[in-house]
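A look at the structure
Next come the chains, spelled out residue by residue.
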Amino acid sequence: MDNIVFYKEKDSLYFQNNPTWHVEDSPWKATQILKILKRNNIDRKKIAEVGCGVGEILNQLHLQLNSQCKFYGYEISPDAFSIAQTRTKERLSFYEKDIFEEKLFFDILLVIDIFEHVENYIDFIRKTKDVAEYKIFHIPLDMNVSNILRGTPITIVRNKVGHLHYFSKDTALATLNDCGHEVIDFFYTPGMMETEGKSLKTKLLNPIRRVLFFINPNFAVRLLGGYSLMVLTK
């Protein structure tokens, strides 16, 4: 797989630290994907996901999109793939392969919370251009004032979740542009507010996040974090 090496593949502690592979967040992530598809009226007949984990995002999309749509999940982790393949059904298939070696082309490629784990993320993002007409990225925005001042949140996402690179909205969009992607649409996704299992400290801070976001979204995200970025490119 050359430069396309996932941190979670190199370090078996990922599976120990994240035994569910974040499957509990998959319905919420699928909702965000559907939102950006509907906003842009994208034709969706063949949807692939690179680094699909245990496959629940695709499973959720399979339940909600029309019967003409086919789904293809690619995952290089044997642990995750062994779980993903149990979700195989008509129009939903999983492969323990590197998608970039397949030489296939899809209508849409999902890149959901992935390239922050990849050592050579620039090469990875460039390669996604040749896999599908449209690409949907979901990018954690770890770079904010709160995380930088406290320090520990950055260390936690590196050691527990495996983030090797950290982005703000501006650096995320600039990276996609630098890699040859045309950004068509994007919006913030409020994961800290809308997903389960958050700490008491996070829950207490969330009302402040909501108020600041209502007043000035960019300022709120730069200051307190708690958001990711959903991006559609071509």
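Notes on the structure in this doc start here. For clarity, every value in this text was computed on a predicted model and none was experimentally measured. (Residues numbered from 1 in each chain as written. Predicted model: local features only at pLDDT ≥ 70, side-chain atom pairs only at ≥ 80, totals over all residues. Heavy atoms only, no water.)

1. Description of helix α11 (residues 200-215)
The α-helix winds at 3.6 residues per turn, so residues separated by three or four positions along the chain end up facing the same way. Compared with an ideal rise of 1.5 Å per residue, which puts 16 residues at 22 Å, α11 spans 24 Å between its outermost C-alpha atoms and is within 8% of the ideal. All of the buried residues in α11 are T202, N206 and R209. (Helix = DSSP H or I, 4+ residues; strand = E, 2+ residues; numbered from the N terminus. Expected span 1.5 Å × (residues − 1). Buried < 20%, exposed > 50% of the residue type's maximum accessible area, 1.4 Å probe, protein only.)

2. Section: a nonpolar patch on the surface
Together, V211, F214 and I215 line one region of the surface with nonpolar side chains, adding up to about 390 Å² of accessible area. Residue position: F214 is located in helix α11. (Patch = residues over 30% accessible without salt bridge, like charges linked within 9 Å, V, L, I, M, F, W, Y side chains within 5 Å. Areas by Shrake-Rupley, 256 points an atom, 1.4 Å probe, with all protein chains shown as cover. Salt bridge = Lys/Arg side-chain N within 4 Å of Asp/Glu carboxyl O.)

3. Some words on the pattern of salt bridges
Inspection of the entire model under this criterion finds seven salt bridges. Across the pair K234 and E133 runs a salt bridge whose closest N-O atoms are separated by 3.7 Å. Taken as a pair, K234 in the segment after β7 (228-233) and E133 in strand β5 (residues 132-140) lie far apart in primary sequence, 101 residues in all. Classification of K234 by relative accessible area gives partly exposed; the value is 38%. The partner of R222 in a salt bridge is D170, and the shortest N-O contact between them spans 3.6 Å. Placement of the pair is R222 in helix α12 (residues 217-224) and D170 in helix α9 (residues 169-178), with a sequence separation of 52 residues.

4. As for α9
K169, A172, L173, T175 and L176 are the residues of α9 that are buried. End-on view of α9: buried residues confined to an arc of 155 degrees, all on one side of the axis. Among the structural elements, α6 (121-128), β5, β6 (183-189), α12 and β7 are those in contact with the buried residues of α9. After α9 finishes, the residue G180 shows a positive phi value of roughly 90 degrees. (Arc of directions from axis to C-beta. Contact = heavy atoms within 4.5 Å.)

5. Here we look at the layout of surface pockets
Each pocket or cavity is described by its volume, and for the second largest pocket that value is around 150 Å³. For the lining of the second largest pocket, the residue count by class is four nonpolar, no polar and three charged. (1 Å grid on protein atoms, 1.4 Å probe; cavity = no way out; pocket = protein on both sides within 12 Å on 5 of 7 lines; lining within 4 Å. Points joined across faces, edges and corners; volume = space filled by probe spheres on them. Nonpolar A, V, L, I, M, F, W, Y, C, P; charged D, E, K, R; others polar.)

6. Brief notes about unusual backbone geometry
For K103, which is not glycine, the phi dihedral falls at a positive 60 degrees. For K103, the position within the fold is in the loop between β3 (92-95) and β4 (106-112). We note that D113 has phi near 55 degrees; this positive angle belongs to a residue other than glycine. Residue position: D113 is located in the loop between β4 and α6.

7. Focus: the pairing of β5
Burial of β5 is extensive: eight of the nine residues sit out of reach of the surface. With six bridges joining them, β4 and β5 adopt parallel strand pairing. Bridged to L109 within β5 is K135. After leaving β4, the chain enters α6 and then returns to the sheet as β5, a path that is right-handed. Where β5 meets β7, six bridges bridge the pair, whose relative direction is antiparallel. Paired with K135 across the two strands is T233, which belongs to β7. (Pairing = 2+ DSSP bridges. Right-handed = clockwise from strand over helix to strand, strands pointing away.)

Honestly, that's just the spatial picture; any functional story needs more than this.
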